[in-house]
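Each chain, written out:
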Amino acid sequence: MRVVQVRRTGAPDVMRVEEAAEPRPGPGEVLVAVERAGVLYGDVLLRSGAYPRPLPYVPGLEVGGRVVALGPRVDPALLGTRVVATTVGSAGGYAERAVARAADVYPVPAGLALDHAVAVFQAGAVAVGLLSAMRVAAGESVLVTAAAGRIGSLLVQLARAAGAEPVVGAAGGPAKTAAARELGAHAAVDYDRQDWPEQVRKATGGRGAAVVLDAVGGTIGAQALEAAADAGGRVGIYGFTSGTWTALDTMTLARRGLTVTGPLGITFAKPAAQQRADAEQALAAAAAGRLVPRIHAVRPLEEAAGAHAELAARHSVGALLLAP
Ligand SMILES: NC(=O)c1ccc[n+]([C@@H]2O[C@H](COP(=O)([O-])OP(=O)(O)OC[C@H]3O[C@@H](n4cnc5c(N)ncnc54)[C@H](OP(=O)(O)O)[C@@H]3O)[C@@H](O)[C@H]2O)c1
């Protein structure tokens, strides 16, 4: 079968399509004939070497397709089912066949396109988890950075559905701020403009955002912190797509009365059953049309390097998928 191999870390073109033996599902595992594999920002970080991991490896933690083989001790009803799944070891998805634990497999709800199911089940579970970790309440203002991104675009929709108001989407450039508005943000600000924290303050009646969810870090993360409401603002940091984590100055936090948390750490520490329920909630919302992922593009396996380059160059709106 064809797979994308990473034999050394570096630029996107270290990813090469190669022939590899088909994996065999072990006890409690299934084999999925992959029709779609999600491309995550985390895949870019791993491939670039920003996060060390053993080499070689086949990237890809989320896939969609049909279950074509079962390992021992798996419910036979899964055979032939159309599913989305996270892969064993969070790797192996950029391939024609991938192995997943049966416990990490979700049947695709009737009427939901596979592209949409792949784009929402894992990213949506993360978004549901982030909002619940931040205890976002109806009527609270929420600022989301990378608001047109794979997770950000779902956060905007879910925050809005939870009654947050205003939901402010922040993103780089007019196309992405327009997308944030289309996704349901009450206001969208372009953080290519230096005065963007001021714009957030304006959009929140001068108070600043009660809740901030930041995936970018670096300068934008620091500015997002500036845009938080004094005397109680909660800032959730869940990524550093800029390449550096947000620097924190505890004196400023103490003086302004801000709380900073790591909502992803809370989300991933939840019992497996609750994380599964979050994914099921996201899939059900998508099937009901309440959560509509944006699909930036579906590319062939051979264009995995191009997809990574596109994501790193900040050209994507919504989810990028590979079609092996
Ligand atoms: N399981 C998971 O999915 C998981 C787990 C752990 C962490 N995360 C984190 O969740 C965050 C979002 O991931 P995602 O896959 O949904 O990515 P994404 O938001 O679709 O893409 C990353 C976005 O970050 C923004 N960005 C700002 N500065 C950037 C820079 N210098 N280089 C590249 N991008 C930059 C870009 O949006 P603008 O152009 O609008 O700035 C870009 O579109 C990431 O921080 C990721 O590490 C996800």
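The structure displayed is predicted, hence computed values, not measured ones.

(A) Just the overall build of the chain, in detail. In terms of regular secondary structure, the chain is built from 10 helices and 15 strands. Expected size for 324 residues packed as a compact globule is a radius of gyration near 20 Å; at 20 Å, the chain falls within 12% of this value. The principal-axis extents of the C-alpha atoms in the chain amount to approximately 60 × 40 × 35 Å. A total of 324 residues make up the chain; the buried ones form 48% of that total. Considering only residue pairs separated by 6 or more positions, the chain has 69% of its internal contacts joining residues 24 or more positions apart.

(B) Molecular detail of the nonpolar core. Counting 102 residues, the largest nonpolar core has Leu155 and Ala209 as its most contacted members. Among the elements that line this core, the one with the most residues is helix H2 (residues 114-133), at 13 residues. For this core, the two domains that each supply at least three residues are domain 1 (2-108 + 294-323) and domain 2 (124-267). Filtering out sequence-adjacent residues up to four positions away, Ala209 remains in contact with Ser141, Val142, Leu143, Val168, Val200, Thr204, Ala227, Ala228, Ala229 and Gly233.

(C) Expanded view of the site of the ligand. Lining the immediate environment of the ligand, one finds 27 residues, of which Tyr41, Gly149, Arg150, Gly172 and Gly239 sit closest. Counting residues per element, the ones that place at least two in the shell around the ligand are helix H1 (41-48), H2 and helix H10 (304-312). With 3 residues, the single largest contributor to the shell around the ligand is H2. A per-class count over the shell around the ligand returns 14 nonpolar, 10 polar and 3 charged.

(D) Local environment of the environment of Leu291. Relative to the helices and strands, Leu291 resides in the loop between helix H9 (272-287) and strand S14 (295-300). Taking the C-beta count within 10 Å as the criterion, Leu291 has 23 such neighbours and is therefore assigned buried. Leave out the neighbours within four places in its chain, and Leu291 touches Val120, Gly124, Leu154, Gln157, Leu158, Ala282, Ala285 and Ala286.

(E) Molecular detail of the sheet that holds strand S12 (residues 234-237). Spatial ordering of the open sheet is given by S10-S9-S8-S11-S12-S13, a layout of 6 strands whose pairing is parallel. Lying at the two open borders of the sheet, with one neighbouring strand each, are strand S10 (187-190) and strand S13 (259-261). The average angle at which neighbouring strand axes cross in this sheet is 20°, direction not considered. In this structure, strand S11 (residues 211-214) lies alongside S12, joined through 4 bridges in parallel fashion. Paired with Leu213 across the two strands is Gly236, which belongs to S12. Together, strand S8 (142-144), strand S9 (167-171) and S11 form the strand contacts of helix H3 (residues 152-161), whose direction differs from that of S8 by roughly 165°.

(F) Seen up close, the domain arrangement of the chain. What the domain assignment reports for the chain is domain 1 (2-108 + 294-323) and domain 2 (124-267). Measuring from the centre of the C-alpha atoms in domain 1 to the corresponding centre in domain 2 gives 29 Å. Considered class by class, the residues forming the side of domain 1 that touches domain 2 number 4 nonpolar, 1 polar and 2 charged.

(G) Representation of the pairing of S11 within the structure. Every second residue of S11 is oriented toward a common face, with Val211 and Leu213 on one face and Val212 and Asp214 on the other, all of them buried. As paired elements, S8 and S11 share 3 bridges and run parallel to each other. Across the sheet, the residue bridging to Val144 is Leu213, located in S11. Assessed by its sense of winding, the connection that carries the chain from S11 through helix H6 (residues 218-226) to S12 is right-handed.

(H) View of the environment of Tyr94. By the secondary structure assignment, Tyr94 is in the loop between strand S5 (82-86) and strand S6 (97-101). As for Tyr94 and Pro197, which are separated by 103 residues in sequence, their C-alpha atoms are 38 Å apart. Setting aside residues no more than four positions away along its own chain, Tyr94 makes contact with Val3, Val4, Ala37, Val58, Pro59, Gly60, Leu301, Ala304 and Leu322.

(I) Focus on H10. Residues Ala304, Ala307, His308 and Leu311 constitute the buried set of H10. Projection of H10 onto a plane perpendicular to its axis shows the buried side chains occupying an angular sector of 100°, all on one side. Lining the buried residues of H10 we find strand S1 (2-6), strand S2 (15-19), strand S3 (29-39), H1, S14 and strand S15 (319-323). After H10 finishes, the residue Arg314 shows a positive phi value of roughly 65°.

(J) Molecular detail of helix H4 (residues 174-182). All buried positions along H4 are accounted for by Lys176, Thr177, Ala179 and Ala180. Taken end-on, H4 shows its buried residues confined to a sector of 155°, consistent with a single buried face. Facing away from the buried surface of H4 by more than 90 degrees, the exposed residues are Pro174 and Ala175. If you follow the buried residues of H4, they end up packed against H3, S9 and S10. Once H4 finishes, Gly184 follows within two positions and takes phi at roughly 120°, a positive value.

About the thresholds
Residues numbered from 1 in each chain as written. Predicted model: local features only at pLDDT ≥ 70, side-chain atom pairs only at ≥ 80, totals over all residues. Helix = DSSP H or I, 4+ residues; strand = E, 2+ residues; numbered from the N terminus. Rg over C-alpha atoms; globule rule 2.2 N^0.38 Å. Buried ≥ 20, exposed ≤ 12 C-beta atoms within 10 Å, placed from the backbone. Contact = placed C-beta atoms within 7 Å. Core = buried A, V, L, I, M, F, W, Y, C linked by C-beta atoms within 7 Å. Domains from an automatic or database assignment. Near = placed C-beta within 6 Å. Nonpolar A, V, L, I, M, F, W, Y, C, P; charged D, E, K, R; others polar. Pairing = 2+ DSSP bridges. Axes fitted to C-alpha atoms, helices over the stretch in contact; angles between N-to-C directions. Right-handed = clockwise from strand over helix to strand, strands pointing away. Arc of directions from axis to C-beta.

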